[in-house]
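An overview of the molecular structure
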Amino acid sequence: MQTVANTSGVAMGEKPPGIEGSGFFATSLEKVVGMARKNSIWPLPFATSCCGIEFMATMGAHYDLARFGSERLSFSPRQADLLMVMGTIAKKMGPVLRQVYEQMAEPRWVLSVGACACSGGIFDTYSVLQGIDRIIPVDVYVPGCPPRPEQIIDGVMKIQTLVENESLRRRDSAEYKAMLNKYGIE
Amino acid sequence: MEVSSQEKVIATLQEKYGDEVLHVETPYNFLTVTLKKEKIVEIVRYFYDHQDLHYQYLTTLGGIHYPDLKQIAVFYQLHNLYTNQRIRLKIYLPEENPVTETITSVFAGANWMERETYDFYGVIFEGHPNLKRILNVEEMIMFPMRKEFPLEDQTRDDKNDSMFGR
């Protein structure tokens, strides 16, 4: 892959492999869509506790998630691409989280940040959901209690890799539908 | 609270409800009176209306499970805001059938506290306007603060006891 440089010398993102000549560039649609999606992920922050504070640091000027094209948070699930679940999810919150996920339009991804969202963490108790993957499918897990902003960025970059390489037909496949059915969705 | 004023409160209570008092103690200088369960609402109202006592503020109300005694206690902490004196009233209910009368007729603020006590201990407050779970999910079938229910989530199958020294 080549890096396209503009006149100011700022790297603008990576060009997918393809055939290039004077005045044209040919590649597959899937790769172009993947590149576009990867660099404009709109995250929906579902921050319920201390991992949410780390997320705030991640969005701030020092760590700056905007560098990855994710500066535009979507507080409406209908416009969001990525659901970032950060913090303890109580069992009473479970149906709410599930509804938020169901309201998101395909394609959608889920990033589970922190020990609590991944497994319940230290809260092995009657009132806490023992991992959000019991109610919604999760794409990337970020461990830590709480994880540092670097780890959250690493998780987002792993999501970017998934987004970039996902087949355009994946969401229509029988496997994908079966996977959602396993969670009782649709 | 000073000892003499505590004694005054006890004397006032003994005078009218001497038969109801089972035990008086002052742990951490907090006057605590254990009462028979039958007349608790009447006594709370008596304290509320009494011209000297003014126990007109309900600080809190809750439950305690005593598995060895096979009993569930309900305690009421009242506050006299005139003289800044506090008192704790305690009643014991049988574990298998913890039923008592609601005090929402005296303190409207007891509504949510009684719901919480029902939610966690299964205490039935008769006459309560809306006795249903308040904090836990409504489908929950247990009363989690009772000792017979394990604290840990029983749906987890990935925990190896040897990792936790058990």
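What comes next concerns the included structure.

**Let's talk about the sheet that holds strand β8 (residues 140-142) of chain A**
Residue and element names in this part refer to chain A. Spatially, β5-β6-β7-β8 is the arrangement adopted by the 4 strands of the open sheet, whose pairing is parallel. The open sheet has two free edges, formed respectively by β5 (43-47) and β8, since each of these has just one partner strand. For this sheet the average axis-to-axis angle between neighbouring strands, irrespective of direction, equals 15°. Sheet analysis places strand β7 (residues 109-113) next to β8, joined by 3 bridges and oriented parallel. Note on β8: the bridge partner recorded for Ser-112 is Tyr-141. On the sheet, helix α2 (residues 50-59) packs against β5, β6 (82-86) and β7 and is oriented at approximately 140° with respect to β5. Its contacts with the sheet put helix α5 (residues 149-165) on β6, β7 and β8, and the angle it makes with β7 is roughly 160°.

**Examining the pairing of β5(A)**
Residue and element names in this part refer to chain A. For β5, the tally of buried residues reaches 4 of 5 residues, placing the bulk of the element in the interior. Pairing of β5 with β6, which is carried by 5 bridges, proceeds in the parallel orientation. What sits directly across from Leu-44, in β6, is Leu-83. The β-α-β motif built from β5, the intervening α2 and the parallel element β6 has left-handed crossover chirality.

**Considering the interface of chain A and chain B**
If you look at the interface, chain A gives 9 residues, while chain B gives 8 residues. Residues belonging to the side of chain A that touches chain B are distributed by class as follows: 2 nonpolar, 4 polar and 3 charged.

**Description of the packing of α2(A) against α5(A)**
All names here are of chain A. Packing of α2 against α5 brings their axes to within 9 Å, and their N-to-C directions diverge by 75°. When the axes of α2 and α5 are compared, the pair comes out roughly perpendicular. For the pair α2 and α5, the contacting residues are Glu-54, Phe-55, Ala-57 and Thr-58 in the first and Pro-149, Ile-152 and Ile-153 in the second. Class assignment of the residues belonging to the contact of α2 with α5 gives a composition of 5 nonpolar, 1 polar and 1 charged.

**Observations concerning the sheet that holds strand β2 (residues 32-35) of chain B**
Residue and element names in this part refer to chain B. Spatially, 5 strands are ordered β1-β2-β5-β4-β3 in an open sheet, and the strand pairing comes out mixed. One side of each edge strand has no neighbouring strand; the edge strands of this open sheet are β1 (21-25) and β3 (55-66). Here the average twist between neighbouring strands, direction ignored, is 20°. Sitting on the sheet, helix α1 (residues 3-17) touches β1, β2 and β5 (85-94), and the angle it makes with β1 is about 180°. Packed onto the sheet, helix α3 (residues 110-121) meets β3 and β4 (71-80) and runs at close to 5° relative to β3.

**Focus on the pairing of β6(A)**
Among the 5 residues that make up β6(A), 5 are buried, leaving the element largely enclosed by the rest of the structure. In this fold, β6(A) hands off to helix α3 (residues 94-103) of chain A, which returns the chain to β7(A); that crossover is right-handed.

**Here we look at the environment of A:Met84**
Residue and element names in this part refer to chain A. The residue Met-84 is located in strand β6 in this model. Its 30 C-beta neighbours within 10 Å are what place Met-84 among the buried residues. Counting along the chain gives 25 residues from Met-84 to Met-59, while the straight-line C-alpha distance between them is 13 Å. Setting aside its immediate chain neighbours within four residues, Met-84 contacts Pro-43, Leu-44, Pro-45, Phe-46, Phe-55, Leu-111 and Val-113.

Reading the values: rules and limits
Residues numbered from 1 in each chain as written. Chains lettered and ligands numbered in written order. Predicted model: local features only at pLDDT ≥ 70, side-chain atom pairs only at ≥ 80, totals over all residues. Pairing = 2+ DSSP bridges. Helix = DSSP H or I, 4+ residues; strand = E, 2+ residues; numbered from the N terminus. Axes fitted to C-alpha atoms, helices over the stretch in contact; angles between N-to-C directions. Contact = placed C-beta atoms within 7 Å. Buried ≥ 20, exposed ≤ 12 C-beta atoms within 10 Å, placed from the backbone. Right-handed = clockwise from strand over helix to strand, strands pointing away. Nonpolar A, V, L, I, M, F, W, Y, C, P; charged D, E, K, R; others polar. Parallel < 35°, antiparallel > 145°, perpendicular 65-115°, else oblique.

These figures capture arrangement, not role.
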